Amino acid sequence: MARFGPKLKTVLPGPKAKAVIEADERFMSPSYTRGYPLVAKRGRGTRMEDVDGNEFLDFSAGIAVTSTGHCHPKVVKAIQEQAAELIHMSGTDFYYEGMPALAQRLSAVAPMKGPHKFYYGNSGAEAVECALKLARYHTGRQNIISFLGSFHGRTMGALSLTASKPQQKRRFAPLVPGVTHVPYPYAYRGAGTGQSEDEYALACARYIEDRLFKTMLPPEEVAAIFVEPIQGEGGYVVAPTVFLQELRNICDRHGILLVVDEVQSGAGRTGKWWAVQHTGVEPDMVCMAKGIASGMPLSVCMTRAEIMDWKPGSHASTFGGNPVAIAAALATMDVLEEEAISNAAAVGAEIKARAETWLSKYEIVGDIRGRGLMIGIEIVKDKKSKQPHSAVRDAIVDRAFEHGLLFLGCGETSIRLSPPLTISREEAAIAMDVLEQCIAEQC
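Values in this document were obtained by computation on a predicted structure and should not be read as measured data.

Reading guide: rules and limits
Residues numbered from 1 in each chain as written. Predicted model: local features only at pLDDT ≥ 70, side-chain atom pairs only at ≥ 80, totals over all residues. Heavy atoms only, no water. Helix = DSSP H or I, 4+ residues; strand = E, 2+ residues; numbered from the N terminus. Rg over C-alpha atoms; globule rule 2.2 N^0.38 Å. Buried < 20%, exposed > 50% of the residue type's maximum accessible area, 1.4 Å probe, protein only. Contact = heavy atoms within 4.5 Å. Areas by Shrake-Rupley, 256 points an atom, 1.4 Å probe, with all protein chains shown as cover. Lys, Arg positive; Asp, Glu negative; His and termini not counted. Charge placed at Lys NZ, Arg CZ, Asp CG, Glu CD. Pairing = 2+ DSSP bridges. Salt bridge = Lys/Arg side-chain N within 4 Å of Asp/Glu carboxyl O. Patch = residues over 30% accessible without salt bridge, like charges linked within 9 Å, V, L, I, M, F, W, Y side chains within 5 Å. Core = buried A, V, L, I, M, F, W, Y, C linked by side-chain atoms within 4.5 Å. Axes fitted to C-alpha atoms, helices over the stretch in contact; angles between N-to-C directions. Parallel < 35°, antiparallel > 145°, perpendicular 65-115°, else oblique. Left-handed = near helix turned anticlockwise from the far one by under 90°. Nonpolar A, V, L, I, M, F, W, Y, C, P; charged D, E, K, R; others polar. Disulfide = S-S within 2.5 Å. 1 Å grid on protein atoms, 1.4 Å probe; cavity = no way out; pocket = protein on both sides within 12 Å on 5 of 7 lines; lining within 4 Å. Points joined across faces, edges and corners; volume = space filled by probe spheres on them. Phe/Tyr/Trp six-rings, centres within 6.5 Å; stacked < 30°, edge-to-face > 60°. Expected span 1.5 Å × (residues − 1). Bend = angle between axes of the 7 residues up to and from the residue. Polar contact = N/O pair within 3.5 Å; in protein donor to acceptor, adjacent residues only side chain to side chain.

J.: Please explain the overall build of the protein chain as it appears in this structure.
T.: From N to C terminus, the protein chain includes 13 helices and 17 strands. For 443 residues, the compact-globule estimate of 2.2 N^0.38 gives 22 Å, and the protein chain sits close to it at 22 Å. The dimensions of the protein chain, computed from C-alpha atoms along their principal axes, are 60 × 60 × 45 Å. When the 443 residues of the protein chain are sorted by exposure, 54% land in the buried category. For the protein chain, restricting intrachain contacts to residue pairs at least 6 apart in sequence, the fraction spanning at least 24 positions comes to 73%. Accessible surface, the protein chain: about 18,900 Å² in total, of which carbon and sulfur atoms supply 53%. Computed over 48 positive and 50 negative side-chain charges, the inter-centroid distance for the protein chain is 2 Å.

In C-alpha cells form, the structure reads like this:
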C-alpha cells in the first residue's frame, strides 16, 4: 500500500487547492461539471499529485484520455523533440510529413478493409462533426439515426446526435435537423421478462426497419447511423454483437453508412485497438480522439477511401493534425502496441472479475459490464427494483476521492473504471480494495 497506494498529506481540499477553486469560481464558466475538488498539479503513470502534494491513484485518466498514463516518457520525449522543431504551419494549407505517417499507422490497425482516408481535428466532437457532414455530402441524403443514451459531443452537430442528459441540450434549440433517436440495447434496464439479451438487442436494431422506416423515415433518405460500440456517457453500456451485426445488415440493405464513435472506447481501451473489433463488424467510418494522443488535442475521422470524396474547402481545421499532437500520437501508438493494449485486456479482466463478486455481496451493486479497462458498475437501491441510486453513486465517488482514488460517474447511476492502460496489477488491486470499502460503507 505504501508503495503503490495513495499518499494524502492534507485534509481535502488542501489550502492551495481551496485558493485555486475560489479563483476558478470567480473567472471560469459555470458550465464545467466538477464532481469533487481535485486541483491537479502533476501526473506520472497512474499517479496524480495535487497542488498540496497529495498523491492519488487515477482511475479516470482524464476521462479516458491519458491512455499511456500521465506523462509517459516516450510520449513526453516525442512532444519535446517536435516542439523544438515545428509547432504550427497549418496542415489545411501546407503539408506535414507526420500527417500521412500517422494515417499509415492507423490504416494498418483499422477495423475495416482499406484503403482508407483520414481527417484530423482537435476533439472528439470535431471528429463527429466531420463524419456528420461527410455522410451527408457523400450520400446526398439528409437524415441521421442516433441512439438514446448516446454522447457524441457538445458542438451543434454532435450535440444534435447526443441524447444522454437533457441539460446538455437545454435552451440550445433549434438543433441540427434531420436526427432521429432510437433505443440502444441497455439490457440491464430494457430487456423484458423471459427475453434474452440478444433477443432484446435484435429488437432494438430491428425497430429501425420494422417501425421507423415503415412509419416516418424513408430509408433512402438516411445518410448514416451513428453508434457507440460501448456507450460512454450513457453508462458504459456494451452493445451486444448481434446488435451491431444487425445494424451493419440494415445499412447494407439500404445504402446507409455505419459510423462508429470510438472516441472513448478506442485506442486500445477495451483490449483491442477498437471496441467494434470484439464484434467482427466492419464500419464505414470511425471517429476517434481522447486516448489516441495521450492528452494532446487530436481527433481523427477515418473512412473507407471512396467515402471521403469531398472537394477542397468542403471541411478543414486550422489546428487539426498539429505536428506536436501527431508526434504524441505516433509515440502513443508505439506504447499501445508494445505493452498497453495487452495490459488493458489482462488487468481489465482481473478488475471485472473482482467487481463481479460484489454482485452477490452488495445489494446496491446492480450490474457489472465492460471490456478491457472500460468497466461500468451500476449502483441501485436494490436488485429487485433496479431503481437508480445516483445519490449513493455520487457518495461512493466522493468517498473514494477522500481515500485518494479518482473515479468519475457515467450515465444516471454508474461508476466508470477507466484507468490508464499501463496500470499495474498492484495499483489495480489497491484501487479495488478502496472502492469496495466505499461501496460497503453505503450498504
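J.: Help me understand the sheet that holds strand β15 (residues 405-406) in this model?
T.: Backbone hydrogen bonds hold the strands of a sheet together, and the pairing may be parallel or antiparallel. On the basis of which strands lie adjacent, the open sheet formed by four strands has the order β1-β2-β3-β15 and mixed pairing. Two strands in the sheet have a free side with no partner beyond their single neighbour: β1 (40-44) and β15. Across two bridges, strand β3 (residues 55-58) lies against β15 in parallel orientation. In the strand pairing of β15, L57 is matched with L405.

J.: What is the right way to look at the pattern of salt bridges in this model?
T.: Close approach of charged atoms allows side chains of opposite charge to pair. Inspection of the entire model under this criterion finds 27 salt bridges. For the salt bridge of E246 with R253, the shortest nitrogen-to-oxygen distance reads 3.2 Å. On the basis of relative accessibility, which here comes to 47%, the residue R253 falls in the partly exposed class. Two residues, R399 and E402, come together in a salt bridge whose shortest N-O distance is 2.8 Å.

J.: Can you walk me through a nonpolar patch on the surface in this structure?
T.: Taken together, the side chains of F27, M28 and Y32 define a hydrophobic patch exposed on the protein surface, amounting to about 370 Å² of accessible area. Within the fold, F27 resides in helix α1 (residues 15-27). A relative accessible area of 66% means that F27 is categorised as exposed.

J.: When you look at the nonpolar core in this model, what are you seeing that I'm missing?
T.: Across soluble globular proteins, nonpolar side chains show a tendency to be buried alongside one another. Core analysis: the biggest nonpolar cluster contains 102 residues, and F243, L247, L298, I377 and L417 have the highest contact counts within it. Ranked by residue count, the leading element in this core is helix α10 (residues 323-356), at 14 residues. Ignoring sequence-local partners within four residues, the contact set of F243 consists of F147, Y184, P185, A201, C204, A205 and V227.

J.: I tried to follow the packing of helix α4 (residues 98-108) against α10 on my own but got confused; where do I start?
T.: Helix-helix packing: each pair is described by the crossing angle between the helix axes and the interaxial distance. Running from amino to carboxyl end, α4 crosses α10 at an angle of 25°, the nearest separation of the two axes being 9 Å. Here α4 lies roughly parallel to α10, going by the angle between them. For the crossing formed where α4 meets α10, the hand is left-handed. Between α4 and α10, the residues in contact are G98, M99, A101, L102, R105 and L106 and I326, A329, L330, M333, D334 and E337, respectively. Broken down by class, the residue content of the contact of α4 with α10 amounts to eight nonpolar, one polar and three charged.

J.: Help me out: how do you make sense of the state of the cysteines in this one?
T.: What is meant by a disulfide is a covalent connection between two cysteines, made through their sulfur atoms. Counted according to the given criterion, the structure contains zero disulfides. Take C301: it sits in no disulfide, and the sulfur closest to it among the cysteines is that of C130, at 3.9 Å.

J.: How should I be thinking about the environment of V259 in this particular structure?
T.: As for its placement among the helices and strands, V259 is situated in strand β10 (residues 257-261). Between the C-alpha atoms of V259 and V286, which are 27 residues apart in sequence, the distance is 5.9 Å. If we skip the residues at most four places from it in the chain, V259 touches A131, A224, I225, F226, V227, M285 and C287.

J.: Is there a simple way to think about the layout of surface pockets in this case?
T.: Any space left empty among the atoms is revealed by the rolling of a water-sized probe across them. In this structure, the second largest pocket encloses a volume near 750 Å³. Taken together, 24 residues line the second largest pocket, and the ones lying closest to its centre are G91, T92, M99, F118 and Y119. Only α4 and β4 (116-121) provide two or more residues apiece to the lining of the second largest pocket. Class assignment of the residues belonging to the lining of the second largest pocket gives a composition of 13 nonpolar, eight polar and three charged.

J.: Can you help me understand the packing of aromatic side chains in this one?
T.: Any aromatic ring pair is given by two values, namely how distant the centres are and how the planes are angled relative to each other. All told, the structure shown has eight aromatic pairs when counted by the stated rule. Aromatic side chains Y137 and W310 sit 6.1 Å apart centroid to centroid with 65° between the ring planes, which places their arrangement in the edge-to-face category. In this pair, Y137 is assigned in helix α5 (residues 124-139) and W310 in the loop between β12 (299-304) and α10, connecting sequence segments 173 residues apart. Pairing W273 with W274 gives two aromatic rings, centres 5.9 Å apart and planes at 35°, and the pair type is tilted.

J.: What am I meant to see in α10 here?
T.: Residue pairs three or four apart in sequence face the same way in an α-helix, which turns once every 3.6 residues. For α10, which comprises 34 residues, the first-to-last C-alpha distance of 43 Å sits more than 12% below the rise-based estimate of 50 Å (1.5 Å per residue). Of all the bends in α10, the greatest measures close to 60° and is centred on L336. With a side-chain oxygen lying 2.8 Å from the backbone nitrogen of V324, the N-terminal cap of α10 falls on N322.

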